[in-house]
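Here are the chains, one letter per residue:
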Amino acid sequence: MLSVRHLRVEFPTRHGTLVALDDVSFDIAPGEVLGVVGESGAGKSMTGNAVIRLLEPPGHIAAGEVLLSGKRIDDLPEEHFVPLRGRHIGMIFQDPLTSLNPLFSVGDQLVETIRAHLPMSEKQAREEALRLLREVGIPAPETRLDSYPHQFSGGMRQRVVIALALAARPEFIIADEPTTALDVSVQAQILALLKRLCADHGTAVMLVTHDMGVIAETADRVAVMYAGRLIEIGPVDEVIRNPQHPYTKGLMASIPGIAKRLERLYQIEGSMPRLAAIPEGCAFNPRCPHAQQRCRAERPDLMPAGGSQAACWLHDPVDPLPLRQDLAGEEVSHVR
Amino acid sequence: MCADTAVKKSMATQGEVLLEAQDLARHFDVSKPWLNRVIERREKLTLKAVDGVSFSIRRGETLSLVGESGCGKSTVARLVVGLYGLTRGKLAFDGEDISNLAGRTGRQAASVRKRFQMIFQDPYASLNPLWRVGTIIGEPLRFFRPEMNSADRRRRVGELLEHVGLSAMDANRYPHEFSGGQRQRISIARALANEPEFMICDEPTSALDVSVQAQILNLMRDLQDEYGLTYLFISHDMAVVKHMSDRIAVMYLGRIAEIAPADQLFENPHHPYSKMLLAAVPSLEGVGKERTVIQGEVPNPVHPPTGCAFHPRCPHANERCKAEVPRLIARSDGSEVACHGVEEGRLP
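Given the structure is predicted, the values throughout are model-derived calculations rather than measurements.

Thoughts on the overall build of chain A
Turning to step 1, where the next piece is worked out: If you tally the helices and strands in chain A, you get 14 helices and twelve strands.
Turning to step 2, where the next piece is worked out: Here chain A has a C-alpha radius of gyration of 21 Å; the compact-globule value for 336 residues is 20 Å, and the two agree.
Turning to step 3, where the next piece is worked out: Structurally, chain A occupies a C-alpha span of about 70 × 50 × 35 Å along its principal axes.
Turning to step 4, where the next piece is worked out: Here chain A holds 336 residues, and the buried ones make up 45% of them.
Turning to step 5, where the next piece is worked out: The long-range fraction of contacts in chain A, counting pairs at least 24 apart against all pairs at least 6 apart in sequence, stands at 64%.

Written out as C-alpha cells, the structure is:
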C-alpha cells in the first residue's frame, strides 16, 4: 500500500543542515496497522508529515521516495498532490479541538469534505454525513449534525475527526497521537473504533504514538525510531516481548508494568541527542552498554534479528559483535 | 461518620499519621456575571471540584490519587498545600490544624510551609526563565533561612544539584538550557532545599518520555529511602501509580470511589469504576488482547448525576444508586469502597 524508501528530511539552518529523518524505509500493507514509536524528537511525527507533505519550511525531503499503491507521490507537483490529501490519505491529529473549525457546525464540515472528494449533491452528502456519524458511534446523530465542535466532549470530537478522515474512504490513514489528549476510558473506545473501522474498510494505518501500551494493543507491526532513524521494525509481539536493539530493550524495561512490580525501573542513562549533535556511527552508541569501536565509526543498517529487523552491529550476519557478557545477565533480568 | 472510622482504623493499625484530611471540599463559582444572570434568568452555578474527600497519610508512606481529568485530584493537592482555601472540611498536618493555611500570610505560614513542598507537572512553566538555576533552588533557602550567608547557600545549592544527578556548575545556567527531565530534577532539588518531610507531586512525570520518566521515578524512590519522605503522588497513569504507591485512592467526580493498598487494588478492585479504569489501561502485557470497552465519558461536573456519580456508566446501578450518595465503607481486606452494590454484597 504505502512504501517509504530511504527517506531523508533536512532542515537547513544558519548553523548548518539538521537531518531530521535519515534513511527511513518501511512498507505498510492494506488493512495493516503500523505503529511508529519513539520519544519526543525521534522523528515519528516528522515521518507522517513527510509522507503527507506537511513539513514546516524550511524542512524538505532531501532524498528517498514515497510510493502509494505503487505510484510515486513525493515528486508530484503541489497541485497534483493536494487532491490526494483526504481522498487517498486521511489524517487524524492529536488535538481534536484544533483540527475542527470552531465556526462551522460539524455537519457543514462533514458535508464540505464529502463534496470536495465525492460527486454528491448537498442532500446526499448530508445523508452520508449522518451515516458516518452513526458509524463512529455518535448517539442521536440527527440532533448532533448541526452542533458546533465546542458542544462535543473530547472523545466525541475525536470521533468526529475520525469521521472526517474516513469521509472520502481513503486507502491510508495517518493517525498522529490520536488518543494522547484523551482519558484512558475514552482512549480505549477510540482505539477500538479506529481498529474496527480500518479492518472493515481494509484501510492501512500509520499510528504514531509515544505510548507503547497503545501500540501493543492496536498495531500489527511496530517501527521504533531514535534520533531520526528507524532502529527496529517487526511484528508487535516480537518487538515487545523479544526486543533486539539495545535501545528498544531499555525502553521496554523502563516502562512500569501493571502486572509485575519492580523495586527499581531500568533506566537508560542520558538522553536522546539533539539533531545538531547526532554522534558518528550508531546514534545510540554513547548510551549503549554494548557499544564498541565499530559502533562509534560505522552506522548499522537494518539487519534481520530474531523475528524482526534491528539496526545494530550485534546482529551483523557476517561478523556479529559479541554481547558484553558481564552485562548480559543483568539486562535480561530487567526485561520482562 | 465513615471518615472518622477510616482515620481511626488506619491510626490503630499503622504508624504515626502525618497528614489527615477530613471531609475536604472545594467549590468554585462558575456562574455568569450578575447582570447576565439577571437578564437571562440563570441560576448560580457551582462546580464542586472536590466534595467530601477524607484520607490520611502516614509518615514515610506514598499515597496516590488517580482518576481521569476533572476528577479533582489536582484540586486536592492544591488544597493540601494551601494554594486554594477549603470550602468545607479539616486538614491536620502532624497534629497541627492547617485548615486555614491558604488565608495565612507568608511569615505566619512559614513554620508549616517549610515542612512540605510541591512538585508540579510542567517543568517548563514551573521554573522562572529569567532566573539562574542557582537562584531558583536558593529561593526557598533565602526565604525560610534568612540567617544563612550566601557562601553557605551556594554550597547547599551545589550539594542539592549533585544529589539529583546534575552538576554543581549547572547553578549558573538558565532553565532553557536543560531538557525536560533535567528541569524536573531542578524542581525536585528546589523542593528538597529545606529538607521537607512531605512532598506533594502533581503528575511529576506526565510531560516526560518513558526513559526519562524511569530516571525521575527512580530518583524519587531513592530520595524517599534516604530522607524518609512522605509522598502524596498524583497521576493519571495507573502503571506509574502502581510502581510508586503504598496505597491508592481512586477518585471520580470530586469523591473517592475506593482506597486500597496498591497491590490489592490491582489484584482485586471492588468499585466498578476501579475495575473499569484498570481494564481500560493499555499495557504491554496485553498484546493482541481485546479490551473491555466501557461506554460513556466523565459527566460534566457542574451538573453531576444524582446519587452515586458513576451510576449512568455503571452496569450494576439500581434505584438506590440513582438516589443516594454512597459513603466510603471499610472492608475487612483493608480497602474502603464507596459503592452500594459492594456494601449490599451484590458485587464481589
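Side note on the overall build of chain B
Turning to step 1, where the next piece is worked out: Helices and strands together make up the secondary structure of chain B, namely 13 helices and twelve strands.
Turning to step 2, where the next piece is worked out: For a compact globule of 348 residues, the expected C-alpha radius of gyration is about 20 Å, and chain B comes in at 21 Å, within 12% of that figure.
Turning to step 3, where the next piece is worked out: Dimensions along the principal axes, computed over C-alpha positions, put chain B at roughly 70 × 55 × 40 Å.
Turning to step 4, where the next piece is worked out: The 348 residues of chain B split such that 46% are buried.
Turning to step 5, where the next piece is worked out: Intrachain contacts of chain B at a sequence separation of at least 6 include 65% that bridge at least 24 residues.

Regarding the interface of chain A and chain B
Turning to step 1, where the next piece is worked out: Taken together, the contact between chain A and chain B spans 37 residues of the former and 34 residues of the latter.
Turning to step 2, where the next piece is worked out: Looking at the side of chain A that touches chain B, the elements with two or more residues in it are helix H9 (184-201), helix H10 (212-218), helix H11 (236-241) and helix H12 (246-253) of chain A.
Turning to step 3, where the next piece is worked out: For the side of chain A that touches chain B, the element with the highest residue contribution is H9(A), accounting for six residues.
Turning to step 4, where the next piece is worked out: Classifying every residue of the side of chain A that touches chain B gives 18 nonpolar, twelve polar and seven charged.

Points about helix H8 (residues 210-227) of chain B
Turning to step 1, where the next piece is worked out: With 18 residues, H8(B) extends 26 Å between its outermost C-alpha atoms, agreeing within 8% with the 26 Å of an ideal straight helix rising 1.5 Å per residue.
Turning to step 2, where the next piece is worked out: Residues of H8(B) that are buried: Val210(B), Ser211(B), Val212(B), Gln213(B), Ala214(B), Gln215(B), Ile216(B), Leu217(B) and Met220(B).
Turning to step 3, where the next piece is worked out: For H8(B), the secondary structure elements touched by its buried residues are H12 of chain A together with helix H7 (180-192) and helix H9 (238-244) of chain B.

Regarding the UniProt feature "domain: ABC transporter" (unreviewed entry) in chain A
Turning to step 1, where the next piece is worked out: Following the UniProt record, one finds the feature "domain: ABC transporter" (unreviewed entry) at residues 4-252 of chain A.
Turning to step 2, where the next piece is worked out: The distance from the first to the last C-alpha atom of residues 4-252 of chain A is 26 Å, and the span holds 41% helix and 27% strand.

Some words on the sheet that holds strand E5 (residues 96-97) of chain B
Residues and elements named next belong to chain B.
Turning to step 1, where the next piece is worked out: The sheet built from four strands is open, its strands ordered E2-E1-E4-E5 with antiparallel pairing. Where the open sheet ends on each side, the last strands, each with one partner, are strand E2 (46-58) and E5.
Turning to step 2, where the next piece is worked out: Of the pairings in the sheet, the one linking strand E1 (residues 17-29) to E2 comprises ten bridges and is antiparallel in character. Across the sheet, the residue bridging to Phe28 is Leu47, located in E2.

Details of the confidence of the model for chain A
Turning to step 1, where the next piece is worked out: Within chain A, residue pLDDT values average 86, and 96% of them lie at 70 or more.
Turning to step 2, where the next piece is worked out: Contacts from residues 326-336 of chain A, a stretch scored under 50 in pLDDT, to residues over four places away or in other chains number twelve contacts.

Some remarks on the packing of helix H8 (residues 154-166) of chain A against H9(A)
All names here are of chain A.
Turning to step 1, where the next piece is worked out: H9 packs onto H8 with a crossing angle of 15 degrees between their chain directions and a minimal axis gap of 10 Å. Taken together, the axes of H8 and H9 lie roughly parallel to each other. The two elements H8 and H9 cross, and the hand of that crossing is right-handed. Contacts between H8 and H9 involve Gly154, Gly155, Gln158, Arg159, Ile162 and Leu166 from the first element and Val186, Gln189, Ile190, Leu193, Leu194 and Leu197 from the second.
Turning to step 2, where the next piece is worked out: Here the residues of the contact of H8 with H9 sort into seven nonpolar, four polar and one charged.

Considerations on H9(A)
Turning to step 1, where the next piece is worked out: Taking 1.5 Å as the rise per residue, H9(A) with 18 residues should run 26 Å; its terminal C-alpha atoms sit 26 Å apart, in good agreement.
Turning to step 2, where the next piece is worked out: Of all the residues in H9(A), the buried ones are Val184(A), Ser185(A), Val186(A), Gln187(A), Ala188(A), Gln189(A), Ile190(A), Leu191(A), Leu194(A) and Cys198(A).
Turning to step 3, where the next piece is worked out: In this structure, the buried residues of H9(A) make contact with strand E3 (33-37), H8, strand E7 (172-176), strand E8 (204-208) and H10 of chain A together with helix H11 (272-280) of chain B.
Turning to step 4, where the next piece is worked out: Looking one or two places after H9(A), you find Gly202(A), whose phi comes out positive at around 70 degrees.

Digging into the packing of helix H5 (residues 106-117) of chain A against H8(A)
Residues and elements named next belong to chain A.
Turning to step 1, where the next piece is worked out: The geometry of H5 relative to H8 is characterised by a closest axis approach of 9 Å and an angle of 15 degrees between their N-to-C directions. Considering the angle they form, H5 stands roughly parallel to H8. The handedness of the crossing between H5 and H8 is right-handed. Contact residues: H5 offers Val106, Gln109, Leu110 and Thr113, while H8 offers Val160, Ala163 and Leu164.

Re unusual backbone geometry
Turning to step 1, where the next piece is worked out: Of note, the bond from Pro57(A) into Pro58(A) is cis; its omega dihedral lies within 30 degrees of zero at 5 degrees.
Turning to step 2, where the next piece is worked out: Relative to the assigned elements, Pro58(A) resides in the loop between helix H1 (44-51) and strand E4 (60-68).
Turning to step 3, where the next piece is worked out: Within the chain, Glu177(A) stands out as a residue other than glycine whose phi angle is a positive 50 degrees.
Turning to step 4, where the next piece is worked out: Position of Glu177(A) relative to the elements: it lies in the loop between E7 and H9.
Turning to step 5, where the next piece is worked out: Positioned with a positive phi, Leu253(B) is a non-glycine residue whose angle comes to about 45 degrees.
Turning to step 6, where the next piece is worked out: Topologically, Leu253(B) is positioned in the loop between strand E9 (247-252) and strand E10 (255-261).

With respect to the environment of Ile57(B)
All names here are of chain B.
Turning to step 1, where the next piece is worked out: Positionally, Ile57 belongs in strand E2.
Turning to step 2, where the next piece is worked out: In this structure the C-alpha to C-alpha distance between Ile57 and Glu147, which are 90 residues apart in sequence, comes to 32 Å.
Turning to step 3, where the next piece is worked out: In contact with Ile57, other than residues within four places in its own chain, are Leu18, Leu19, Leu63, Thr230 and Leu232.

Calculation rules
Residues numbered from 1 in each chain as written. Chains lettered and ligands numbered in written order. Predicted model: local features only at pLDDT ≥ 70, side-chain atom pairs only at ≥ 80, totals over all residues. Helix = DSSP H or I, 4+ residues; strand = E, 2+ residues; numbered from the N terminus. Rg over C-alpha atoms; globule rule 2.2 N^0.38 Å. Buried ≥ 20, exposed ≤ 12 C-beta atoms within 10 Å, placed from the backbone. Contact = placed C-beta atoms within 7 Å. Nonpolar A, V, L, I, M, F, W, Y, C, P; charged D, E, K, R; others polar. Expected span 1.5 Å × (residues − 1). UniProt positions renumbered as here; feature names shortened; annotations may be inferred. Pairing = 2+ DSSP bridges. pLDDT = per-residue confidence, 0-100. Axes fitted to C-alpha atoms, helices over the stretch in contact; angles between N-to-C directions. Parallel < 35°, antiparallel > 145°, perpendicular 65-115°, else oblique. Left-handed = near helix turned anticlockwise from the far one by under 90°.

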